[in-house]
Each structure stands twice: as C-alpha cells, then as structure tokens.
Amino acid sequence: MRKIWDIHGGIHPAENKHQSLLNPIENAGIPAQLILPLAQHIGAPASPIVNVGDRVLKGQMIAEAKGFVSAPVHAPTSGTIAAIESRVIPHPSGMTASCIVIDTDGKDEWITHQGVKDYTQLSKLELVDRIRQAGIAGMGGAGFPAAVKLSTRDDKPIETLILNGTECEPYITADDILMRERAAEIIAGAEILRHIIKPNKETLIGVEDNKPEGIAALKKAAEGTGIEIVVFPTKYPSGGEKQLIQILTGKEVPAGGLPSDVGIVCQNIGTATAIYRAIQFGEPLISRITTITGEACERPQNYEVLLGTPVQYLLNKSGFNKENCIRLIMGGPMMGYTLQDTAVPIVKTSNCVLAPTVAELPPPPPAQACIRCGMCAEACPVSLLPQQMYWFARAQEHEKLENHQLFDCIECGACSFVCPSNIPLVQYYRASKAEIRQAQQDKIKSERSKERFEARTARLEQEEAEKEAKRAARMEAAKAKAAAAANAAETSKTDIIQAAIERSKAKQAESADPAQAAIARAQAKRDGGAEEESPQEKTERLQKLLAGAEKRLVAAKEKLALAQEQQSDNADAFATAVSKTEEKLASIKQELAAHEATLAPAKTPAPSTDSTDPAQAAIARALAKRAGAGADESTEDKTTRLQNAIATTEKRLVAAQQKLTLAQEQNDANVGAFATGVEKTQAKLDAAKKELADHQATLGANDTAEQVASDDPVQAAIERAKAAREAQANMSEADKIKQNIESLENRIAKSKEKLEAARAAGDDKADILADSLAKLEEKLAAAQQQLS
Amino acid sequence: MGFLKVSSPHAHGPMSTARVMRLVLLATIPGLFSLTWFFGFGTLVNVLWASITALAFEALALKLRKRPIAFYLNDYSALVTAFLLGIALPPGSPFWLIMIGTGFAILICKQLYGGMGYNPFNPAMAAYVMLLISFPVQMTTWFAPQGSFAGDLLGPIDALRYCFGFGRDTVDAITMATPLDVLKQNNSLLIEDMWQESAQFGQFSGIGWEWANIGFLLGGIYLLYRRVFTWHAPLSMLASLTLLSALFYDGGSSASGGSPLFHLLSGGTMLGAFFIVTDPVTSAVSNRGRLIYGALIGVLIYIIRVWGNYPDAVAFSVLLMNFAAPFIDHYTQPRTYGHKLKDQQGGKS
C-alpha cells in the first residue's frame, strides 16, 4: 500500500453523483447548428481558415492555432460554415466572442484521417505535434493546451506522470463514467503519454474512493502495464492539480511554478482518452463527455457531445423543467459559473451542465458579519487565512492581501461553503485579484506616461535653456559693443580708465542680481547714449571730472611731498602717480576746452548778427550743425547729411565766388578775405565729398549695419558701435582688397603668359584660358572699383 | 432567460452564525446547572435579567444605527454576551449592576465599534472588569455554597427580590469568601490545614466551584465535538496554567500558590477556557496564533491570581491578550501551499 498524503482543510459537500450515473453514456446526436468559439482553451484564440459558405467535413481543421500556447479548432461534423461572428460563449461574464457557426448536414462525413500504426516508432516531437494538430486542450476544466504541457524540457527530468481521475466536484460524473466504460482507452492514452514523457519513476492514476466501479475497471485495464491506480479518501478539492500532486507524492508545486518544477506532469483522464484517439485513429478533439444533471432535469445523463452543441439542445434531451430552476450552472456547484443564455455551446472544457431546483441550491441568504470563527481557515486547502483576507479585501488593503498570498487562492469555494455568516468570500477574492491586476496595469501605464512626460519636460527645458543661452550671448555681445561704442564715441580717449571701470561694473552687474543688472543696463545705456547727453550735461560732467582730477592731483602731490619728506620708498610711485594725474588733468582740460569750443558757436544760433562775414558765418553754421548732429546718427542720416552738406557747401562756394568776383570788380577791400573764404569753402567741399565717399564705401562693405534700426537707445548704441567697428574693419578690408588686387594682377599676368604660350602652340585650351583671364580681369576691375 | 447570476460556490454548508451561537448557549447548561445547584437561583436571575437588558440595548443600538433589528437580533450574539456576563457576576447581583454591565458590553464594547465581529475586546469580559473596578464590594460578594453552612439557598422568588432590591433585608443570605480569596489571604497555614479550617473547600477546590468548572468543561467538550472552535486556544491555556501551578505548588506549603487541580477547577478557569478564550472575534486567527494566545492567557491568569491584587484573573488576562491578538496574528501567518515559511514572513510588511 503506497503512502497517501493529506491536504490541509477541505470539505465534504453532498456528492449528488449517483443521479447521472444511472444510465450509460448516450450519444447526443447532431444538432442543427454548432457554435465553435475560437477560444476554447487557455492561450491565444485560434484563427479561422475557412470562409462563410465553405463546406467542411467532420474532423477538418477550421481554425488554426495562433502561437505556442494555443489550439486549433476542427469541425465536429460535416456541414456548411454559416457564419463567423460574435456569439455568447460559456464564460462567467456571459460575454460574446468570435465563433465559427456550422449548419450541419446530418451526413457526418469524415475527412480522410489516419492514425499511427505504432506510436513507439515516432519521436516525442512528432507525437506532440500530432496532439497539437488535434486541438487537444485539458478537459478537466482549465483547458490548458495538452501539447504545451507535454513539451517538457530535457533539463527538467520528469519523475512522475499523474493522470487525474479525481473528479472531486459534486454532481459531475463525466470522468467516472469514462472510467467505467472506456477504461481501456484511458490506459492506452496513459501509455502514449508515458512514452512521450518518459517518467523515470512511475505513472499514477489518482481516483477518489467514491468511484469504486470506475476504479475496478481501471485496475483491470491497467493490469500488466505498470500503471498504478491510486485510491484516496474523498475530500473536496482533492482534484485540483496542485492538491492531487500533494496527495499522491507529498510534494508541493512551488508558488508561481509548474508541476514540472518538481518533476511531475499531470493530465486529466479525459485528455488522455482524446490523445489516444488522436494518435491511434488520427481523430482530432471534436467531442467530449458532458454530464447534464440537477433536479430540474428529469433524466440526468452523461452524453457524448459534439463540441459546439448548444446547451439548450442537451437540456431538451434531458427533460429540463425551467419552472423549478433559477440558476443554470456550467460546471459543478463549487467552481462552476452561472449561464444566462442556454444558447451557449459545449466547449472542450465543459464537463457538466447543472440545472438545480430552487430547493436543491437555494439562493444565497444575506451575508452576516464575519465573526472570525476561522472555519474558513480550517477548510482552506492552501492554508490561507480567508477571514483576514476578507477584512483586507473589504478595506482594499491590496498590499496586505498580497502578503496573505491572495494569488495562491485557487477559488475552490471551500471557505464560502463553510462560512456560517454566508459571506461570499471567493467573490471578494476574485474582485480583489481583479482590482490588484488592474492597479498593476494602471501603475505600469502611469509610469510610462510619467516617463513620457518627464522626457518631454526635459526636452522643452533643454530647448528653452539653449534659447536662453543664445539670448544671453547676444545680450553680452551687444553690451560689449555698446561699451566699445561708448569708448569710441568719446571725443577724448583719456577716459579709458573710467570706461574700463564702467565695463567691469557692467560685467559684475551681469553676474549679480536683477536690480544690479538693471543698474548695469542703465549704465550701459548711459555709456551707449553718452553722445546723446546734451552739451550742457557734457560740460558739467567734464567739469566735474576736472574738479575731481584736480583734487586727486592735489592729494597726490601732498602724498608725494610727505613721502619725499619721509624719504619713503614709495616716493617714486607717488611721483609717477602725480605725473599721471597731471597728464589726466591736462587731457580733461583739453577735452573741456574742445567741447566748449564746439559749444560756443552752437549756442549762438543763426549767425545773422555776423552779417559782415558771411563766409565765417557759413563755416560757423556748418560747424554748429555738425556739432549739433554729433555722431548720433544712422548711416542713412549721415549719408543725407553729408550730401546736404556738400550741396550747401557747393552753393556757398558759388555764392562766395560770386561775392569774390563782385568784390574784385568793385575793388573791395575785402577781396582778400573773400578769396580766403572761397578757398576755405572749396577745401571744405573737398573734405565733405571725401567724407561722403568714405562713408559710402563703408556702407558698401557692410549693408547689414544699415538694416538694423531700433528705438532702443542701447540698440542704437550697438548699431553705432557696429558702424564704428565696420568702419575700422573696412580699413583693413581695403588692405585685403589691395592684397587681392595684387594677387589678381599676378594671376592675370601668369594667365596671359599661359594664354600666349597656348596660342603659340595652337592649343585647344586657349579659349578656356582666355575665358578665365577675362574672369580674372572682371574680378580685378571689381576689386579696384571696391577699393576706390 | 431570467437565470440567477451569482458567483461560485453555489453550494453552502449547514453551519450558520446563529447556529454557532445557539450551540454556545446550549453548552452553558451544565455549568449553569451546577452554579444554581450550589449557589441558588441567583445566577439564573442574573442571566435572565442580563439577557433582557442586553437584547434591549442591542435593539436600541441597532435602531440608532438604522440597522435591521430582527436580522441582527437573530444572530444570538447579544444573548451569548448576556449569558457569559450573567454567569460571571456574583449570584444575586443587584439589577442595576447587571444593567450597567450589559449596557457597557453591548453599547460601548460592541456596537460602538461597529457591532458583531468588529469589537476588539470581549464585551462580557470588558464589562466584568469595568464593574469590578467600579463596584468592588458588589462584585466580590459571593453566597456561601450549599454544604458549607446549615441553611437554605436562595429560592427563585428570593433571588428575584434580592436582585431587584425590594425586601432585600428580609432575605437571609450568607456570604463567604471564595476559595481563591482564602488562598490569597493565607500566609501562615499549610494548604492542608487551610483546607481543614475553611468550610468552603470541597474535594479539589471550593464546594460548588469545582462542579461549576466541571460543568463548563463538559459544555466546552461538547462545543469541541461540534467543531464550533478548535482545541488550540483552550487547551494551551489550561496547559500553561497547569504547568505554572505545578511549578509553584511548593509541596503545599504556606507559600504555595495552590495545586494545579485547584487552579483548574477554581474561579472562572473553565468558563474562560471554553467560552471566553474561544471567542473568535477577539482571539488570534491562526491555529499557531491561538496556541500562543491561549498559553499567554494561562500564564497571566496564574500570575495575577497568585502574585497580583485580584483573586481571580480570567477577565484581566483575556483583555490583555485581546490587545496582543493582532500582533500575534502578524507573526503567525500559516505557511501557504507552495511557499516557504521564511519567504512568506520575509515578505510581510
């Protein structure tokens, strides 16, 4: 006698199996229409390979497996494809899914099929492929594709092959009657499986002790095969795969693992029969044994049912009485789910349709409070604490639920069965599992969108930072130019130190706070707009500078005197300082004088008082105009101004010459003066013309300077600075052009030589050389024009 | 089609909460009988009045909470609380004392926490402790048991008059210290001498007390047989109490804490072991947890009885361990199929 292990918990619900065992298996026949869901198994749904209107034969594949964990679907009888559409499928939710609908023709015409004469000659791979092509999925309830389970890896040697004939759910007798009537097929299937799996220890068939007839039949059939029939006490849920493994071997399948992890492969006995028929006769899985039972059925019965047969068809056959029945269950009373629609078809996993009366399975009474009696924990086959999980489920404490191994719950229903407060515990666990899965998916989703969002923000920030950097660089350059312009614009260059201080202040301000930046901007503005200050302001500023410099000079002199008295080492340094200060003072004085000089004629507007000396007056006006206009003008303005100046000077020259002629005719005493005036005006005109020419050259060299004009004083200063720089650059440009002209001249000379040589030699290249010479000459002309 | 849409399982077992409670009530009969036999009708009046007031308070609370009254009264949980408190109180307690007790138990200890299943403390024991602290005189006045004095016990009518206070003076009632009290006061006599000196000692402990305890033990065995609770908590409590009393028995000297048998059959030991410690709501949930929970209650009972200030200690010990139950639960989660115990507890938060 082999050792039998016990599982924790378990219950003993009323078995109610005898009702459906009164009669042998009956062929349910061919209904008018078969509905074949594409997903009758765990894994990817099959994909249809027939079209509406096609005639199909019995056993013909009508949908092929899609992927590894999948199974094909075959036509259970001959007929025509009526539709490929969504129909209600057997599912707890009562949902619809893709189905192939076949209008049967009653001929039951088989497609050509052939079994294997001697399967022992075939390799494991070939056999597994045949099983896969036969569309066999676990027939015990879960519907896991059999071929996937049989594709064991060589690095995980299988010790034990177990066939599950437990059938622990009340009411269901499909396996029981299969054992009674087709024990030989089960054993034959077991032998094929044993050949495929090659368990190195044993092959077992586990059966609960409430099926003595089936056990006897199996034992008889298994004689001499070495397959052991293991009988153990009836207890729900011994038939769960993990529970059966524990009962028969004492091993536990690790959480999250597979039976093969502990060297075990487990298959249902119905699946074994299907495998036998697939290998021996080449028949795909197109029918199964289904129990129709419950007190609402007059004739409870096991049927050999074609897959796709509507439940209503079977209920009609069994004398179903709708009046007494308030719930229709697909499966058993412990783990089955209610059906809403009797049009749903029998599929590969449908082992039972239960139609109980109200008295038999009354509607659940209202749930009372949980008193934590612990009966559920006593009943739990996987040693969970259902009462704790119930509290956590109600409070939606998902983390605690997972810590209490919610996901190890097999939803066998033992806890709900024993609960004295009628709490639908399993429902809470199902809902919590769904919530947690949903939350996990949501979490993944939100993490992805968070990543996306962060990436986008980072990208935008980077772009913004780059823009900002560019902007800052432009500002910096503008400020530097403004400062340079301010320097350049100063009529005297003596204030370099002052300017440097200003620049350094501006720089400091840049790196400091906004207020300082504002100050710096203001200073920059002042520097840039230095020329804009009114003449009075300039005078004042210069006077102040002068006063300051004088004071410093006095102080420096005092220090020097002191140092000389004390014969200090610093005396030399002081002496230098004094001389420098003196220099500076002198330069400031000079500047002030120059400024006052320009200022004086400007202060006296039109020199109408000075009518005695028109030439002088004209000069004075011109000076005043120029002083007033200052350097603060755009290039266009300058051009216009210069042109105007030339025009007026020319007029004046004409006028002066007329006056001179008149004076000479009248022998005026002022003739000498007039002559001088004419000469001066002539000189001035020349000067003005020259200036205009220079200016236009500048313009030609750099057009961009003119294009930018702005109201902003700083901007204006920048423009001016640019103009000034361009003017400077233009000077070097002229040098460059000169160099260019020289090199061009050289090249032209060489080209000419070559051309002459080529012509002398009568070379074909002469024309080309002539062309390039012409081009060089053009360039030279252009450069010369530019230079002038 | 009009078929019911429900989640599995569709079958349900025969057990119901009301049935569990009725079984508990039924199981108190042998103990109640012994108490009445030896101490008169006082206990029965206690239980009767406690039941009436408890149901009234429960109904009131349910009405205030807008819950269906009949549905909840039918679970018998208030009656169980009333029975346990009525049994625990001294026979012939005044009506107001009982009423305060049931009011505290039902309104504050049970309904205020959310009703049945939500109370962290055993309501009967919490009420008992509250009364013991608030009304020490009434709570420690026990009638002398039959056989310890020459006279009659309280009859049913006398017991009612005594309880409700009219003509209380006319009723002749003899009170006596309980055996646990006597033992506590003793510091000069050998146990054997003490037994001779005091009239209230019987075969193993006090007259009446030993039979009351045996009665509750029988009731407890019946409940175990009916699988109302598991053996873990009561057995571990009795075992730890036995072990400690054997350790400190000291051969029956004057410093002895009393024999194991004396402790097992004195005071509320058996009532506590089978009717209080087994209260599922307030105890630990796993079997391993219940072993720890029961054992620690046994230890506390001995410590408080022998070295503490109170002669009996079941109520205090149970309340203290009620506090610890969630903590015990946290560390005694059973090993789930396919898991290693270490991994499982490592994964706890």
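Residues numbered from 1 in each chain as written. Chains lettered and ligands numbered in written order. Predicted model: local features only at pLDDT ≥ 70, side-chain atom pairs only at ≥ 80, totals over all residues. Heavy atoms only, no water.

1. Quick look at the interface of chain A and chain B
Now for step 1: Listed per partner, the contact involves 66 residues of chain A and 45 residues of chain B.
Now for step 2: A combined buried area of about 4,700 Å² lies between chain A and chain B, and 55% of that area is made up of carbon and sulfur atoms.
Now for step 3: Where chain A touches chain B, the interface holds one salt bridge.
Now for step 4: Between Glu 252 of chain A and Arg 335 of chain B there is a salt bridge, with its nearest N and O atoms 2.6 Å apart.
Now for step 5: In this structure, the connection of chain A to chain B is made through 30 residue pairs in polar contact (both at pLDDT 80 or more).
Now for step 6: Those elements giving two or more residues to the side of chain A that touches chain B turn out to be helix H5 (241–249), strand S15 (328–330), strand S16 (337–339), helix H8 (375–379), helix H9 (386–395), helix H10 (398–403), helix H11 (414–418) and helix H12 (425–489) of chain A.
Now for step 7: A per-element tally of the side of chain A that touches chain B places H9 of chain A first, with four residues.
Now for step 8: In terms of residue class, the side of chain A that touches chain B is built from 33 nonpolar, 21 polar and 12 charged. (Contact = heavy atoms within 4.5 Å. Buried area = accessible area lost by both parts, 1.4 Å probe. Salt bridge = Lys/Arg side-chain N within 4 Å of Asp/Glu carboxyl O. Polar contact = N/O pair within 3.5 Å; in protein donor to acceptor, adjacent residues only side chain to side chain. Helix = DSSP H or I, 4+ residues; strand = E, 2+ residues; numbered from the N terminus. Nonpolar A, V, L, I, M, F, W, Y, C, P; charged D, E, K, R; others polar.)

2. Observations regarding the pattern of salt bridges
Opposite charge on two side chains permits pairing when their charged atoms draw close.
All names here are of chain A.
Now for step 1: Under the criterion given, the structure shown has 29 salt bridges over all chains.
Now for step 2: With its nearest N and O atoms 2.8 Å apart, the salt bridge here joins Arg 430 to Glu 411. Within this pair, whereas Arg 430 is found in helix H12, its partner Glu 411 is found in the loop between H10 and H11, the two being separated by 19 residues in sequence.
Now for step 3: Overall, Arg 430 belongs to the partly exposed group, its relative accessible area being 26%.
Now for step 4: A network of salt bridges, in which partner residues are shared, links Arg 2, Lys 201, Glu 202 and Glu 228. (Buried < 20%, exposed > 50% of the residue type's maximum accessible area, 1.4 Å probe, protein only.)

3. What to know about helix H16 (residues 287–307) of chain B
Now for step 1: Taking 1.5 Å of rise per residue, the 21 residues of H16 of chain B would be expected to cover 30 Å, and the 30 Å separating its terminal C-alpha atoms lies within 8% of that figure.
Now for step 2: Of the surrounding secondary structure, the elements contacted by the buried residues of H16 of chain B are helix H10 (179–185), helix H13 (232–247), helix H14 (260–264), helix H15 (269–276) and helix H17 (314–331) of chain B. (Expected span 1.5 Å × (residues − 1).)

4. Quick notes on the pairing of strand S2 (residues 33–37) of chain A
All names here are of chain A.
Now for step 1: Burial runs high along S2: four of the five residues are buried.
Now for step 2: Strand direction decides the pairing type here: S2 and strand S8 (residues 96–104), joined by five bridges, are antiparallel. Within S8, the residue paired with Gln 33 across the bridge is Asp 103. (Pairing = 2+ DSSP bridges.)

5. What about the confidence of the model for chain B?
All names here are of chain B.
Now for step 1: On average, residues of chain B carry a pLDDT of 86, and 94% of them reach 70 or more.
Now for step 2: Predicted confidence in chain B is weakest over helix H18 (residues 341–346), with a mean pLDDT of 60, and strongest over helix H6 (residues 95–110), with 95.
Now for step 3: Both scores are available for the predicted complex, with the pTM at 0.68 and the ipTM at 0.85. (pLDDT = per-residue confidence, 0-100.)

6. A look at the environment of Ser 579 of chain A
Now for step 1: By the secondary structure assignment, Ser 579 of chain A is in helix H16 (residues 571–603).
Now for step 2: Linking Ser 579 of chain A and Ala 556 of chain A, residues 23 residues apart in sequence, is a C-alpha distance of 9.2 Å.

7. Quick notes on the pairing of strand S13 (residues 287–293) of chain A
Residues and elements named next belong to chain A.
Now for step 1: Among the seven residues of S13, seven are classified as buried, and the element is accordingly described as predominantly covered.
Now for step 2: By the alternation rule, side chains of S13 split into Ser 287, Ile 289, Thr 291 and Thr 293 and Arg 288, Thr 290 and Ile 292, which are all buried.
Now for step 3: Where S13 lies against strand S14 (residues 301–306), six bridges are found, and the strand directions are antiparallel. Across the sheet, the residue bridging to Ile 289 is Glu 304, located in S14.
Now for step 4: As judged from the three bridges shared by S13 and strand S17 (residues 352–354), these two strands associate in the parallel manner. If you follow Thr 291 over to S17, its bridge partner there is Cys 352.

8. Describing a nonpolar patch on the surface
All names here are of chain B.
Now for step 1: Residues Trp 231, Leu 235, Leu 291, Ile 292 and Leu 296 make up a contiguous nonpolar surface patch of roughly 420 Å² in combined accessible area.
Now for step 2: The element best represented in the nonpolar patch is H16, accounting for three residues.
Now for step 3: By the secondary structure assignment, Leu 291 is in helix H16. (Patch = residues over 30% accessible without salt bridge, like charges linked within 9 Å, V, L, I, M, F, W, Y side chains within 5 Å. Areas by Shrake-Rupley, 256 points an atom, 1.4 Å probe, with all protein chains shown as cover.)

9. Some remarks on unusual backbone geometry
Now for step 1: Residue Pro 237 of chain A is bonded to the preceding Tyr 236 of chain A through a cis peptide linkage, with omega at 0°.
Now for step 2: Positionally, Pro 237 of chain A belongs in the loop between strand S11 (228–232) and H5.
Now for step 3: With an omega of -5°, the peptide bond running from Ser 8 of chain B to Pro 9 of chain B counts as cis.
Now for step 4: Mapped onto the secondary structure, Pro 9 of chain B falls in the segment before helix H1 (17–27).
Now for step 5: The residue Lys 198 of chain A is not glycine, and still its phi comes out positive at about 50°.
Now for step 6: By secondary structure assignment, the location of Lys 198 of chain A is in the loop between helix H3 (174–197) and strand S10 (202–208).
Now for step 7: You can call Lys 198 of chain A exposed: its relative accessible area is 52%.
Now for step 8: For Lys 66 of chain B, which is not a glycine, the phi torsion comes out positive at approximately 55°.

10. Points about the side chain of Ser 245 of chain B
Now for step 1: Note that Ser 245 of chain B resides in helix H13.
Now for step 2: Not counting residues up to four positions away in its chain, the partners in contact with Ser 245 of chain B are Gly 258, Ser 259, Pro 260, His 263 and Tyr 302 of chain B.

11. As for the state of the cysteines
Residues and elements named next belong to chain A.
Now for step 1: Counted according to the given criterion, the structure contains zero disulfides over all chains.
Now for step 2: Left without a disulfide partner, Cys 168 is nearest to the cysteine sulfur of Cys 412, which lies 8.8 Å away.
Now for step 3: Free of any disulfide, Cys 415 has its nearest cysteine sulfur in Cys 409, 6.3 Å distant. (Disulfide = S-S within 2.5 Å.)

12. Considering the sheet that holds S15 of chain A
Residues and elements named next belong to chain A.
Now for step 1: Ordered in space as S1-S14-S13-S17-S15-S16, the six strands form an open sheet in which the pairing is mixed. Lying at the two open borders of the sheet, with one neighbouring strand each, are strand S1 (26–27) and S16.
Now for step 2: Pairing between S15 and S17: two bridges, direction antiparallel. From the neighbouring strand, Ile 329 faces S17, where its bridge partner is Leu 354.
Now for step 3: Contacting S13 and S14, H3 crosses the sheet at an angle of about 120° to S13. (Axes fitted to C-alpha atoms, helices over the stretch in contact; angles between N-to-C directions.)

13. Points about the nonpolar core
All names here are of chain A.
Now for step 1: If you look at the biggest cluster of nonpolar residues, it comprises 166 residues, and the most contacted ones within it are Ile 62 and Ile 205.
Now for step 2: In terms of residue count, H3 provides more of this core than any other element does, 13 residues in total.
Now for step 3: Among the domains, domain 1 (18–354) and domain 2 (375–430) are the pair contributing at least three residues each to this core.
Now for step 4: If near-sequence neighbours (up to four positions away) are discounted, Ile 62 is found in contact with Leu 36, Ser 47, Pro 48, Ile 49, Val 50, Val 56, Val 73, His 74, Ala 75, Ile 81, Ile 100 and Ile 102.
Now for step 5: Ranked by size, the runner-up nonpolar core spans 33 residues in total, among them Val 253, Cys 376, Val 382 and Val 426. (Core = buried A, V, L, I, M, F, W, Y, C linked by side-chain atoms within 4.5 Å. Domains from an automatic or database assignment.)

14. Let's talk about the sheet that holds S2 of chain A
Now for step 1: Pairing is antiparallel in the open sheet, where four strands are placed in the order S2-S8-S7-S4 (chain A). Looking along the sheet, the strands with just one partner apiece sit at the ends: S2 and strand S4 (55–56) of chain A.

15. Quick look at the confidence of the model for chain A
Residues and elements named next belong to chain A.
Now for step 1: Of the residues in chain A, 84% reach a pLDDT of 70 or more, and the chain-wide mean stands at 83.
Now for step 2: Under a pLDDT of 50 for its full length, residues 603–611 has, in the predicted model, four contacts with residues more than four places off or in other chains.
Now for step 3: Taken as a whole, residues 704–710 scores under 50 in pLDDT and shows seven contacts with residues more than four places along the chain or in a different chain.

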